[in-house]
Amino acid sequence: MLRAFVVDDEALARDELIYLLKKTGKVKIVGEAESVQDAIDKMSALAVDVLFVDMMLTNELGLELVERVKQSNQKLQIVFATAYDDYAVKAFDLNAADYLLKPFDEKRVQQAVEKMIANDRRNETKDLHVSVNGKPVDKLAITVDERMIILPIVDLLYIESIDGSTIVTTNTEKYTVAETLVNVEKKLQMTSITRVHRSYLVNLEAIVEIRPWFHSTYNLMMKDGAKIPVSRTYKHVLKQFIHI
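Quick caveat: nothing in here was measured; it's all calculated off a predicted structure.

Q: Could you clarify how one ought to interpret the nonpolar core in this entry?
A: One broad rule of soluble globular proteins: the nonpolar side chains tend to lie buried together. Of all hydrophobic cores here, the largest spans 21 residues; its most connected members are Phe5, Val7, Met43, Leu51, Val53, Leu65 and Phe80. Taken together, the elements giving at least two residues each to this core come down to β1 (2-7), α2 (36-43), β3 (50-53), α3 (62-69) and β6 (77-82). Dropping the residues within four chain positions of it, Val7 is found in contact with Ala33, Ser35, Ala39, Leu51, Phe52, Val53, Asp54, Leu57 and Leu65. Membership of the second largest hydrophobic core comes to 20 residues, among which are Leu2, Phe52, Ala97 and Phe104.

Structure, rendered in structure tokens:
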């Protein structure tokens, strides 16, 4: 069961979120607070898996709390629960696991909890996909001109589908492969590679900047200077995940 701590300066909002979290049957509320210092004082003596924090507290930011508590607990999962969506990019920078908007939706809260549980399971395996022989999968095998090339996943930047061709871009090379983007995506499950557009997979570790774009979407600036679009269908990736 997930051990959660909830921080919100509005008692009614705090009570509502606590109610919805308890209703999942998968969360134990170990504490709550209405300010940054109150939360720090209480959390110092508690074992906490997930911190649910309002972005805007009275005369202070929830971001300040996150920056401080992460210094002592790197494994702590963060979920911003707020009426403001203007801080989504900053939340991504802080590796927030999810971003819940007020008024809270019961189904959305349930999804967040399931994601936290899945993240915990990944942490137990060091965030790596484990193969049947027990060895971590940290490479991608691709076939190029009848040659099999082994690429370390840390070297991948992004993978795109253009005019029916799948192109894999690494730190040093571009490879055109015969496989579909969907098939390549299946090989990369449980890694830092994720879909952000129907035509793009990106390595979250290779993103250097996130730029807001039209209609609440984003463009991702990659290490090689490429600009990758995030479609509305997949923009939740930046708010939810991630994966690092």
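Q: Would you take a moment to explain the pairing of strand β16 (residues 218-222) for this structure?
A: Sheet faces and side chains relate simply in a regular strand, where the side chains alternate between the two faces. Burial runs high along β16: five of the five residues are buried. Here β16 shows no split at all, with Tyr218, Leu220 and Met222 on one side and Asn219 and Met221 on the other all buried. Looking at chain direction, strand β15 (residues 207-212) and β16 are connected through five bridges and run antiparallel. Residue pairing across strands places Ile210 opposite Leu220, the latter belonging to β16. Pairing of β16 with strand β17 (residues 227-230), which is carried by four bridges, proceeds in the antiparallel orientation. Among the inter-strand pairings, Asn219 is bridged to a residue of β17, identified as Pro229. The antiparallel hairpin formed by β16 and β17 contains four residues in its connecting segment, where Gly225 sits at a positive phi of about 95°.

Q: How do you make sense of the packing of aromatic side chains when you look at a structure like this?
A: What describes a pair of aromatic rings is the distance from one ring centre to the other and the angle between the planes of the rings. On inspection of all chains with the given rule, the structure shows one aromatic pair. Between Phe80 and Tyr99, the aromatic rings sit 6.4 Å apart at their centres with planes inclined by 55°, giving tilted as the arrangement. Note that Phe80 is positioned in strand β6 and Tyr99 in strand β7 (residues 98-101), a separation of 19 residues in sequence. A relative accessible area of 0% means that Phe80 is categorised as buried. You can call Tyr99 buried: its relative accessible area is 4%.

Each value, and the rule that gives it
- Residues numbered from 1 in each chain as written.
- Predicted model: local features only at pLDDT ≥ 70, side-chain atom pairs only at ≥ 80, totals over all residues.
- Heavy atoms only, no water.
- Core = buried A, V, L, I, M, F, W, Y, C linked by side-chain atoms within 4.5 Å.
- Buried < 20%, exposed > 50% of the residue type's maximum accessible area, 1.4 Å probe, protein only.
- Helix = DSSP H or I, 4+ residues; strand = E, 2+ residues; numbered from the N terminus.
- Contact = heavy atoms within 4.5 Å.
- Pairing = 2+ DSSP bridges.
- Phe/Tyr/Trp six-rings, centres within 6.5 Å; stacked < 30°, edge-to-face > 60°.

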